[in-house]
Amino acid sequence: QVQLVESGGGLVQAGGSLRLSCAASTSIFSINTMAWYRQAPGKQRDLVASISSVGMTMYPDSVKGRFTISRDNAKNTVYLQMNNLKPEDTGVYYCRSIGNDNNYWGQGTQVTVSS
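In this text the structure is predicted, and so the values were computed from the model without any measurement.

> So what about the packing of aromatic side chains? Which residues, and what values?
Considering all chains together, one arrives at three aromatic pairs under this definition. Ring centres of Tyr37 and Trp105 lie 4.9 Å apart, and the angle between their planes is 55 degrees; on these two criteria the pair is classed as tilted. Of this pair, Tyr37 sits in strand β4 (residues 33-39) while Trp105 sits in strand β10 (residues 103-105), placing them 68 residues apart in sequence. Residue classification places Tyr37 among the buried positions, given a relative accessible area of 12%. Judged by centre distance (6.4 Å) and plane angle (80 degrees), the ring pair of Tyr94 and Trp105 falls under edge-to-face. With Tyr94 in strand β9 (residues 91-98) and Trp105 in strand β10, the pair connects residues that are eleven residues apart, well separated along the chain. Take Tyr94: its relative accessible area is 13%, and that puts it in the buried class. Taken together, Tyr37, Tyr94 and Trp105 form an aromatic cluster joined through their ring pairs. Taking the ring centre of Trp105 as reference, the NZ or CZ of Arg45 above it sits at 4.9 Å.

Cut-offs and rules
- Residues numbered from 1 in each chain as written.
- Predicted model: local features only at pLDDT ≥ 70, side-chain atom pairs only at ≥ 80, totals over all residues.
- Heavy atoms only, no water.
- Phe/Tyr/Trp six-rings, centres within 6.5 Å; stacked < 30°, edge-to-face > 60°.
- Helix = DSSP H or I, 4+ residues; strand = E, 2+ residues; numbered from the N terminus.
- Buried < 20%, exposed > 50% of the residue type's maximum accessible area, 1.4 Å probe, protein only.
- Lys NZ or Arg CZ within 6 Å of the ring centre and 35° of its normal.

Structure, rendered in structure tokens:
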């Protein structure tokens, strides 16, 4: 069995920063695209960042310039550095590992940004 273990969520004031971590249980994820999604209550789960196995990153306009995704394949870990957080960033953040024939999700970690 494989799993993604997320950490780093919490409560932060607007303008603050958080760093989320997602640790995979196997090195198979080093060849997968890794991504972060977020979901607010009653809302769709939306992509906030992705990083390919060779380090290519993508961000939606809503977080571009504020969020940075990175990976440390030696540690089987992907990170999401979130700066200048806004209340609309509040939600459950999910880590995802995407392979050619596999797809795994973490259980999510809550991020709450207060005004």
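Structure shown, so let's carry the discussion forward.
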